[in-house]
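Notes for the structure review
Below are the chains, spelled out letter by letter.
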Amino acid sequence: MSFAEFLNNYMYYIGAFGLIFIGLFILLTKKNLVKVIIGLSIMDTGIYLFLIAIGYVHEGTAPIFSKPGLNAEGMVDPVPQALVLTAIVIGVAILALALTLAVKLYKHYGTLNLRKIKEQKW
Amino acid sequence: MRKLLGIILLAVIAAGIALSLEEIPFGISKTIIGDYFNKNGVEETGATNMVTSVVVSYRGFDTLGEITVLFTAAIGLGALLTGHKKREHSDKVEPSSLIVYTGCRFLFPVLMLVGTYIFIHGHLTPGGGFQGGAIVASGFLLMYLGCKGKRIKFKASTVIEVLGGLIFVGLGIAGLTMGEDFLFNFLPKGEAGELFSAGIIPIIYIGIGLKVGSELAGIIDNLIEEST
Amino acid sequence: MVNPVLLIVVPLGLAFLVPLFGLISKKTGKYFPILALLFNLLLTIKIFPQVLSEPIHVNIGGFTPPFCINLVAGPLGILLAFLIALVGLLVAIYALSYIKEKNEEKYHILYLLLLTGATGVVLTGDVFNLFVFFEILCISSYALVGYFGDKAGVESAIKYLIQGALGSGFILIGIGLLYGQFGTLNMADIASNIHSVEPISIFVPLVLMITGFGVEAAIFPLNAWLPDAHSSAPSSISAILSGIAIEVGLYAVVRIVFTVFGASSIMMFLLFLGVLTLLTGELSAFNQENIKRMLAYSSIGQIGLIVFALSIANMNGITGGLFQLISHTLGKALLFLAVGYMIVHTGSMNISSFEGMGKKMPYTSFFFTIGALSLVGLPPFIGFPSKFMIVKAAIFKQEILYTVLIILVLTATVVEAAYFFKVIQAIYFKGEAKKEKRNRAPFKVLIPLFIFAGLILIVGIYPKLITNILESSAAELISRTDYIKSLIP
């Protein structure tokens, strides 16, 4: 298929996985703890986008029956949206805990460089 | 060197995922349960917002787990940040100007109202307990940032938080004591589209909204206390 | 008939209530975990005879699966729930006197939530619900590892958190790929349709989910967090982490591989990973000076042994693996609890400072010795029938590969015996013989140690007490068609 068609079909997946891989790359290579936490957050955002993109139906609308008599066929899938709601809250909880630990780590070590925070030896 | 290894690892994972994504074409949803929920959701649960009926009624157990996760994070934060106040900092904070102070005090009840509206109408319009609770907490954040020196009362926020959680668990157990399953929708479903409809769903969402709002406000309180 | 959902809901409700009681008085918080876990223990004992014949299915919300979440209380689930309640109760009694911080009620809330998450993981029948309860387990353990707030604890906690959060991300991607292909989130539903797609497109979700759950289960390349986290945490939390959290992570891996995917081709890979984990764990434990780090590496080794046993994938192998799981939980919890008070006595975690401990804390050292000998696999203790069953299962297979691997397993057992005897020698046969009365373990603390040691001895002498329970649990794992048929007729 042509390039435009390919982009049209897979744009959301490419975008979502692009964010996931950027987040993973930051997580694996950066030295500063706050950057690593930001990378974790970017990866989580990519995952949420991927989950929502799975539920899309062509020309679909939001699954809310605001007027009586709306057709249930033309609505997108509500289940991935529910999954993402739960996953966002879990992501926020992990982020809050990570930032708290970063605050305490800075108080103890005076630096946020992960290569220097290595007091536990082999 | 590390970056090269990282890129190779990511390339391998990307190739694997691309292979697997061919089975999931974009725009055609292969869902079995989603279609069932869209078709029968309004009669079975009484809510017109399908996402709400999935979150609270069909997959309500996940929502119970989710508020537990948030509760765990809030308690964990409270356990780690013991709030040692450093005395020399308290005079370095400059008070905010009159416009900011008055503006924040004016916006605070507006934000409370918007947040409460969103979580009360969760079964009719997009939104719900978590979204409304987050807006309420952002109202508290505005007060912390704009008007220094005002703090939420610890006792009141703890009582509201515990009440919110107990509403959810209590409604679930009430379903059990009536001989049905846990989280059974036992209140009358009313007419779809009205405010007082959908059985226990708006009550659960009010509980969740109160819990999330006070919990996030507590987290903000802990973090700001740690830094001053 | 009692509803198994109460096993999760009652501890959850009590955990929500603790801050309210904490406003009145700070001292009431520590009794809540004991109440909740006692309730769980009695309920699992009551449900046990029923589930041995047929698993109980609970639908939440009053709808029918797969349109709702369901709990499957089978023999394996209730056995693990019983183990969690038992170990949790005994460690909670230990923690009554061990934890004396200022805000100790938060410790008890987090502890109760950890065990609730673990019970939820073993009882659920829905893939996303598994993820949510697994996250409750993980997040409470991140907060508890750093609970004391000291330098080592916070560093270990942040490293554990980042690796754990990475694993959770992978699990979510795997769940997304599964939902996109099959349209449903129920384990039995996915399991019945799993062979309708080509193997290559379910290979990626399988690997992602094994990696994600494997971070918590401490399988070979993913367990870099374990030695730091288990050695810097408070000792009661080390006991729970080594005894319950990694076993529950392993249960999640096993449930995904055996029941949902039915992947027999990946067993060979898991076999090698198990032996690799075993060898790296035991060999690294040999050089350690710090006692808790040594016990943490020993946990890695034992998990490798359990993975090896479970991947043999015949009836004996899985029964042996489950038996070893129980033996490791009881033994390792006993070891960490005993070591906790020894560290309080001497103030340091080095093995060389434990010299003469046999005279200074005679009861604690005695229980430590029982735990150590059980883990090595010596006769009257529970470690012996479990290891014997695993060796028998591998020899039954009658292939050269398994014989070679069993020789490696036995070598690792010899190494394990070597480092445990080093510690026992330091405790009993070195140092001066002074009897000191200060800082001995109080009597309240000796009770859980005594019960653990008693269980190790009793089940070791009469393994027939639990072998039929283990066999029905193993049968539940092997025959996935029975699992699917009981839900979707």
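1. Regarding the overall build of chain B
Secondary structure summary: chain B contains 8 helices and 0 strands in total. Secondary structure elements of chain B occur, N-terminal to C-terminal, as α-α-α-α-α-α-α-α. Projected onto its principal axes, the C-alpha coordinates of chain B cover approximately 60 × 60 × 35 Å. Taken over 228 residues, chain B has a buried fraction of 44%. In chain B, of all internal contacts separated by at least 6 residues, the share reaching a separation of at least 24 is 71%.

2. Structural notes on the interface of chain C and chain B
With 47 residues of chain C at the contact, the number on the chain B side is 44 residues. Where the side of chain C that touches chain B is concerned, the elements lending two or more residues are α1 (6-24), β1 (56-60), α4 (104-123), α5 (127-145), α6 (151-182) and α8 (199-217) of chain C. Of all the elements, α5(C) adds the most residues to the side of chain C that touches chain B, at 9 residues. Split into classes, the residues belonging to the side of chain C that touches chain B amount to 30 nonpolar, 15 polar and 2 charged.

3. Thoughts on the interface of chain C and chain A
If you look at the interface, chain C gives 26 residues, while chain A gives 25 residues. Mapped onto the side of chain C that touches chain A, the elements with two or more residues apiece are α5 and α6 of chain C. For the side of chain C that touches chain A, the per-class residue count stands at 16 nonpolar, 6 polar and 4 charged.

4. Details of the pairing of strand β2 (residues 69-73) of chain C
Regular strands place their side chains on alternate faces of the sheet. Residues and elements named next belong to chain C. By the criterion of burial, β2 is predominantly enclosed, with 5 of the 5 residues buried. Where burial is concerned, the two faces of β2 agree: the one with I69, L71 and A73 and the one with N70 and V72 are both buried. By the bridge criterion, 5 bridges tie β1 to β2 in an arrangement that is antiparallel. From the neighbouring strand, H57 faces β2, where its bridge partner is V72.

5. Some thoughts on the confidence of the model for chain B
On average, residues of chain B score 86 in pLDDT, and 95% of them reach the 70 mark or higher. Considering each helix and strand of chain B separately, the mean pLDDT is smallest for helix α2 (residues 33-45) of chain B, with a value of 85, and largest for helix α4 (residues 60-80) of chain B, with 93.

6. Let's talk about the packing of helix α13 (residues 315-346) of chain C against helix α16 (residues 383-396) of chain C
Residues and elements named next belong to chain C. Close contact between α13 and α16 brings their axes to 8 Å; oriented N to C, the two are set at 155°. Comparing their axes, α16 and α13 come out roughly antiparallel. Along this stretch, α13 crosses α16, giving a crossing that reads as left-handed. Here N316, G317, T319, G320, F323, Q324, S327 and G331 of α13 come into contact with α16, specifically with G383, P385, S386, K387, M389, I390, K392, A393 and F396. A breakdown of the residues in the contact of α13 with α16 according to their chemical character gives 6 nonpolar, 9 polar and 2 charged.

7. Thoughts on unusual backbone geometry
Despite not being glycine, E59(A) shows a phi value in the positive range, around 55°. Take E59(A): it is sitting in the loop between α2 (33-54) and α3 (78-109). For E59(A), a count of 8 C-beta atoms within 10 Å puts it in the exposed group. You will see that A218(C), though not glycine, has its phi angle at about 65°, which is positive.

Definitions and limits used
Residues numbered from 1 in each chain as written. Chains lettered and ligands numbered in written order. Predicted model: local features only at pLDDT ≥ 70, side-chain atom pairs only at ≥ 80, totals over all residues. Helix = DSSP H or I, 4+ residues; strand = E, 2+ residues; numbered from the N terminus. Buried ≥ 20, exposed ≤ 12 C-beta atoms within 10 Å, placed from the backbone. Contact = placed C-beta atoms within 7 Å. Nonpolar A, V, L, I, M, F, W, Y, C, P; charged D, E, K, R; others polar. Pairing = 2+ DSSP bridges. pLDDT = per-residue confidence, 0-100. Axes fitted to C-alpha atoms, helices over the stretch in contact; angles between N-to-C directions. Parallel < 35°, antiparallel > 145°, perpendicular 65-115°, else oblique. Left-handed = near helix turned anticlockwise from the far one by under 90°.

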